[in-house]
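Structure at a glance
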Amino acid sequence: MGETWTVIIDELRVPIVLAPMAGGPSTPELTAAVAEAGGLGVLAAGYLSAADTAARIAATRTLTDAPLGVNLFAPGPPTPPAEYADYLAELGAGHELGAAKHDTDDWDAKLDLLVESPVAAVTCTFGCPTAAEVNRLHAVGSEVWVTVTSVAEAETAVAAGADVLIAQGAEAGGHRATFVDRVADDAADPLGLLALLQLLTAAVDLPIVAAGGIATGAGIAAALTAGASAAQLGTVFLRCPEAGTNPVHRAALPSTAATMLTRAFTGRRARGLRNEFMDSHSATAPAAYPEIHYATGPLRAAARAAGNPEEVNLWAGQTQALTPELPARELIAELAAATKTALNSALSRRIQDC
């Protein structure tokens, strides 16, 4: 790839990347709107088949000619059923459950699709592609971005040939992007974004996109000042009309309620608005993704149909109270202007000589 790994970020009119919010909020309309407004639109392919992914890419292409990204979920190993049987029994006592199953999220077929029909950037979550997989994407001109939560993960991504790192701080809404997800690690304090950015810029020499709790121009400016080349925002777009956010989730935002990390809904740690289901089941939920995700699908669908926010995964970052209700183009314009103002304000501050 040579120096081409900086091209997309450097050519963006605004340093904003759309977070790939799988499971509903990500739509061709939102992706295209962000791209048309000068950011990088990233389409979530998580939970979609390769055929559905192709259809969504095609739909997005009818709305914009701008460079696009597509996000893939890297598959992990299956969890032995014995490790989550007690949890399913606990949930099944009061809820209808689906079948707990493991799959690879159509990883291989999606890679084949993106080699046959390349996009500007392929971003990965939950793990890192192999060097051979990275080379396949490079060969068709795609950049490879890997989401990391630690220096060790970043070093793995660098070794595999990644072009850009997405630094996900603990403030981020939705699933943690950790390569290995273990209950034994839950007691460790996850790195916040500012700390992670400082550690990564000291350890690796790749462009970094900052993600986690960024909802304002001042937040974007802070990330850029700390060494990021752009900021990835997700929660702030959830109330845009172009987003496919379900009505129960949309109504819960903005909120001053606390968020928390839980694996109760999916078997993988994720941040969302605290509710009764989290309080009741977080302590006993195992690390078993995507098995628990599929098992809780029916109960979450029933809660959404009933308008019950207490049994729905309301993924949101820690700045969810700042989520506006604006079209994506207007939101990005406001964020871009506020970022300039914040940067200028910071530069105008006098720093006295020691």
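Analysis parameters
Residues numbered from 1 in each chain as written. Predicted model: local features only at pLDDT ≥ 70, side-chain atom pairs only at ≥ 80, totals over all residues. Heavy atoms only, no water. Pairing = 2+ DSSP bridges. Helix = DSSP H or I, 4+ residues; strand = E, 2+ residues; numbered from the N terminus. Axes fitted to C-alpha atoms, helices over the stretch in contact; angles between N-to-C directions. Contact = heavy atoms within 4.5 Å. Salt bridge = Lys/Arg side-chain N within 4 Å of Asp/Glu carboxyl O. Buried < 20%, exposed > 50% of the residue type's maximum accessible area, 1.4 Å probe, protein only. Phe/Tyr/Trp six-rings, centres within 6.5 Å; stacked < 30°, edge-to-face > 60°. Lys NZ or Arg CZ within 6 Å of the ring centre and 35° of its normal. Core = buried A, V, L, I, M, F, W, Y, C linked by side-chain atoms within 4.5 Å. 1 Å grid on protein atoms, 1.4 Å probe; cavity = no way out; pocket = protein on both sides within 12 Å on 5 of 7 lines; lining within 4 Å. Points joined across faces, edges and corners; volume = space filled by probe spheres on them. Nonpolar A, V, L, I, M, F, W, Y, C, P; charged D, E, K, R; others polar.

So, about the sheet that holds strand 11 (residues 270-273). Strand pairing in a sheet is mediated by backbone hydrogen bonds. Such pairs are either parallel or antiparallel. With antiparallel pairing, the three strands of this open sheet are ordered in space as 7-11-10. For this open sheet the edge positions go to strand 7 (174-175) and strand 10 (259-262), each flanked by a neighbour on one side alone.

With parallel pairing, eight strands are arranged side by side in an open sheet as 1-9-8-6-5-4-3-2. With one partner strand each, in any of the chains shown, strand 1 (16-18) and strand 2 (41-44) form the two edges of the open sheet. Within this sheet the neighbouring strands show an average axis-to-axis angle of 25 degrees, counted without direction. Where strand 4 (residues 121-125) lies against strand 5 (residues 143-148), four bridges are found, and the strand directions are parallel. Among the inter-strand pairings, Cys124 is bridged to a residue of strand 5, identified as Val146. Seen against the sheet, helix 2 (residues 28-36) touches strand 1, strand 2 and strand 3 (68-73) and runs at an angle of roughly 165 degrees to strand 2.

The next thing to look at is the pattern of salt bridges. Scanning the model with the defined rule gives eight salt bridges in all. A salt bridge links Arg136 to Asp112; the shortest N-O distance between them is 3.0 Å. Of this pair, Arg136 sits in helix 6 (residues 131-139) while Asp112 sits in helix 5 (residues 107-116), and the two are 24 residues apart along the sequence. Arg136 sits in the partly exposed class, given a relative accessible area of 36%. Note that Arg182 and Asp185 form a salt bridge whose closest N and O atoms lie 2.9 Å from each other. Taking relative accessible area as the criterion, Arg182 reaches 46% and is therefore assigned partly exposed. The structure contains a network of salt bridges with shared partners spanning Asp181, Asp186, Arg263 and Arg269.

Aromatic rings in a pair are described by how distant their centres are and how their planes are angled relative to each other. For the structure shown, the criterion picks out five aromatic pairs. Relative to Phe126, the ring of Phe73 has its centre 4.7 Å away and its plane inclined at 40 degrees; by these criteria the two rings are tilted. You can see Phe73 sitting in strand 3 and its partner Phe126 sitting in the loop between strand 4 and helix 6, a full 53 residues away along the chain. Taken individually, Phe73 and Phe126 each receive the classification buried, so the pair is uniform in this respect. With a centroid separation of 5.4 Å and 70 degrees between ring planes, the pair formed by Phe126 and Tyr289 is classed as edge-to-face. Residue Phe126 is found in the loop between strand 4 and helix 6, and its partner Tyr289 is found in the loop between helix 11 (276-281) and helix 12 (291-295); the two are separated by 163 residues along the sequence. As far as the burial class goes, Phe126 and Tyr289 line up, both buried. A network of ring pairs unites the aromatic residues Tyr47, Phe73, Phe126 and Tyr289 as a single cluster. The cationic tip of Lys101 hangs over the ring face of Tyr294; the distance from NZ or CZ to the ring centre is 4.6 Å. When the ring centre of Tyr289 is taken as reference, the NZ or CZ atom of Arg268 above it lies at 5.8 Å.

Of all hydrophobic cores here, the largest spans 69 residues; its most connected members are Leu30, Leu197, Leu233 and Phe237. Counting residues per element, this core draws most heavily on helix 14 (residues 328-348), which supplies five residues. The residues touching Leu233, leaving out its near neighbours within four places in the chain, are Ile16, Val17, Leu18, Ala19, Ile214, Ile220 and Leu335. With 16 residues, the next largest nonpolar core counts Tyr87, Leu88, Ala270 and Met278 among its residues.

Let's shift gears to the layout of surface pockets. Space left empty within the atom packing is revealed by a probe, the size of a water molecule, rolled over the atoms. In this model, the largest pocket occupies a volume close to 870 Å³. Around the largest pocket sit 44 residues that line it, and Pro20, Met21, Ala22, Gly174 and Trp315 are the ones nearest its centre. Mapped by element, the contributors of at least two residues to the lining of the largest pocket are strand 3, strand 4, strand 6 (164-168), strand 7, strand 9 (230-233), helix 12 and helix 13 (297-306). Top contributing element to the lining of the largest pocket by residue count: helix 13, with three residues. Considered class by class, the residues forming the lining of the largest pocket number 18 nonpolar, 24 polar and two charged. Here the second largest pocket defines a volume of roughly 410 Å³. In terms of lining residues, the second largest pocket is bounded by 26 residues, among which Gly76, Pro77, Arg268, Tyr289 and Pro290 are the most central. Here the residues of the lining of the second largest pocket are counted per class, giving 15 nonpolar, five polar and six charged.

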